[in-house]
Amino acid sequence: MSDAAMIVAGAIACLGLAGAGSALGTGYAATAAVGAWKKCYAANKPAPFILLSFVGAPITQTLYGMILMFIMLDKVGKVAAGSGVPCLVAGVFAGLAIGLSALFQGRAGAAACDAQAETNQGFTNYLAALGIVETVAIFAMVFALIALSAIR
């Protein structure tokens, strides 16, 4: 496999893994939101629209994967021979870290949906917890960008 093909494969893997994590994370949180709304309707309580903020939180990890994908694709044809393997490895492991962050952010978002709907309290605490999980994805993206900048 050529260096260009490995760089493209790494870029695709990064976006794919990040996107898969976002899909799983939003799916977990959305399922919990629907269940929480159902409980509210059954109890004749207003269904909190704010739960959508927990559902949507894992989507941003797809953007981080996309940013890395564009940086990696920009390297095709511009880097020294032998750069394909490091780019492929960076794409796979950065995408995995970003995707897992999205997955677990969705799991935390699911718990936040249930708690917010039941108590109508704690929104900022729940959002802060989701933000901490998000930080893992931001770190993975930034550190991957630093590693990719060393490939010339």
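The written sequence of each chain sets the order in which its residues are numbered from 1. Where local features are concerned, this predicted model is filtered to residues with pLDDT of at least 70; where side-chain atom pairs are given and counted, the filter is 80 or more; whole-chain, interface and lining totals use all residues. Hydrogen atoms and water are omitted, and side-chain values are computed over all heavy atoms in the structure.

S.K.: Looking at this structure, how should I read the nonpolar core?
M.R.: Take the buried Ala, Val, Leu, Ile, Met, Phe, Trp, Tyr and Cys residues and link them wherever side-chain atoms come within 4.5 Å; each set so joined is a nonpolar core. Any residue under 20% of the maximum accessible area for its type is buried, any over 50% is exposed, and the rest in between are partly exposed; the area is computed with a 1.4 Å probe on protein chains only. Membership of the largest hydrophobic core comes to 18 residues, with the highest contact counts inside it found for Leu68, Met72, Cys87, Ile98 and Leu148. Secondary structure elements are taken from DSSP: a helix is a run of H or I of four residues or more, a strand is a run of E of two residues or more, and numbering for both begins at the N terminus. Those elements that provide at least two residues to this core are helix H1 (3–42), helix H3 (60–74), helix H4 (84–119) and helix H5 (123–149). Residue contributions to this core peak at 5 residues, all from H5. Setting aside chain neighbours within four positions, we find Cys87 in contact with Ile7, Gly10, Met72, Lys75, Leu148 and Ile151. In terms of nonpolar packing, the next biggest core, distinct from the first, is built from 13 residues, Ala29, Ala57, Cys113 and Leu130 among them. By definition, residues are in contact when any of their heavy atoms lie within 4.5 Å.

S.K.: What exactly am I supposed to notice about H5 here?
M.R.: For an α-helix, 3.6 residues make a turn, and residues three or four places apart therefore share a direction. Its 27 residues give H5 an end-to-end C-alpha distance of 38 Å, which sits within 8% of 39 Å, the value for a rise of 1.5 Å per residue. Taken together, the buried positions of H5 are Leu130, Glu134, Ala137, Ala140, Met141, Ala144 and Leu148. Of the surrounding secondary structure, the elements contacted by the buried residues of H5 are helix H2 (51–56), H3 and H4. One less than the residue count of a helix, multiplied by 1.5 Å, gives the span that helix is expected to have.

S.K.: So what exactly am I meant to see when it comes to the packing of aromatic side chains here?
M.R.: Pairs of aromatic rings are described using the distance from one ring centre to the other and the angle between the two planes. Pairing of aromatic rings covers Phe, Tyr and Trp, the last through its six-membered ring, and needs centres within 6.5 Å; plane angles under 30 degrees mean stacked, over 60 mean edge-to-face, and all others mean tilted. Evaluated as defined, the whole model comprises 3 aromatic pairs. Between Phe54 and Phe123, the aromatic rings sit 5.4 Å apart at their centres with planes inclined by 45°, giving tilted as the arrangement. Residue Phe54 is found in helix H2, and its partner Phe123 is found in helix H5; the two are separated by 69 residues along the sequence. Residue Phe54 is classed as buried on the basis of its relative accessible area, which comes to 0%.

S.K.: Please clarify how the environment of Arg152 should be interpreted in this entry.
M.R.: As for its placement among the helices and strands, Arg152 is situated in the segment after H5. Distance from Arg152 to Ala80, taken between C-alpha atoms, is 6.0 Å for residues 72 residues apart in sequence. At 3.4 Å, the side chain of Arg152 forms a polar contact with the backbone oxygen of Ser149. As used in this structure description, the phrase polar contact means that two N or O atoms lie within 3.5 Å; if the pair is within protein, one of them must be able to donate a hydrogen and the other to accept it, and residues adjacent in sequence are counted only when both atoms belong to side chains.

S.K.: How should a nonpolar patch on the surface be read in this particular structure?
M.R.: A cluster of nonpolar side chains, contributed by Leu17, Val85, Val89, Val92, Phe93, Leu96, Leu100 and Phe104, occupies part of the molecular surface with about 660 Å² of accessible area. By residue number, the principal contributor to the nonpolar patch is H4, which donates 7 residues. Mapped onto the elements, Leu17 comes out in helix H1. Only residues whose relative accessible area exceeds 30% and that form no salt bridge are eligible for patches; like-charged ones are grouped when within 9 Å, while nonpolar side chains (Val, Leu, Ile, Met, Phe, Trp, Tyr) are grouped when within 5 Å. Here, Shrake-Rupley sampling with a 1.4 Å probe gives the accessible areas, and only protein chains in the shown set may cover a residue. Salt bridge, as used here: a side-chain nitrogen of Lys or Arg that lies within 4 Å of a carboxyl oxygen of Asp or Glu.

S.K.: Which parts of the structure should I look at to understand the pattern of salt bridges?
M.R.: Side chains carrying opposite charge are able to pair once their charged atoms draw close together. All chains considered together, the criterion is met by 2 salt bridges. Between Lys39 and Asp114 there is a salt bridge, with the nearest N and O atoms lying 3.3 Å from each other. Taken together, the residues span a long stretch of sequence, with Lys39 in helix H1 and Asp114 in helix H4 at a distance of 75 residues. Classification of Asp114 by relative accessible area gives partly exposed; the value is 32%. One salt bridge in this structure joins Lys78 and Asp74, with 2.9 Å as the shortest N-O distance. On the basis of relative accessibility, which here comes to 46%, the residue Asp74 falls in the partly exposed class.

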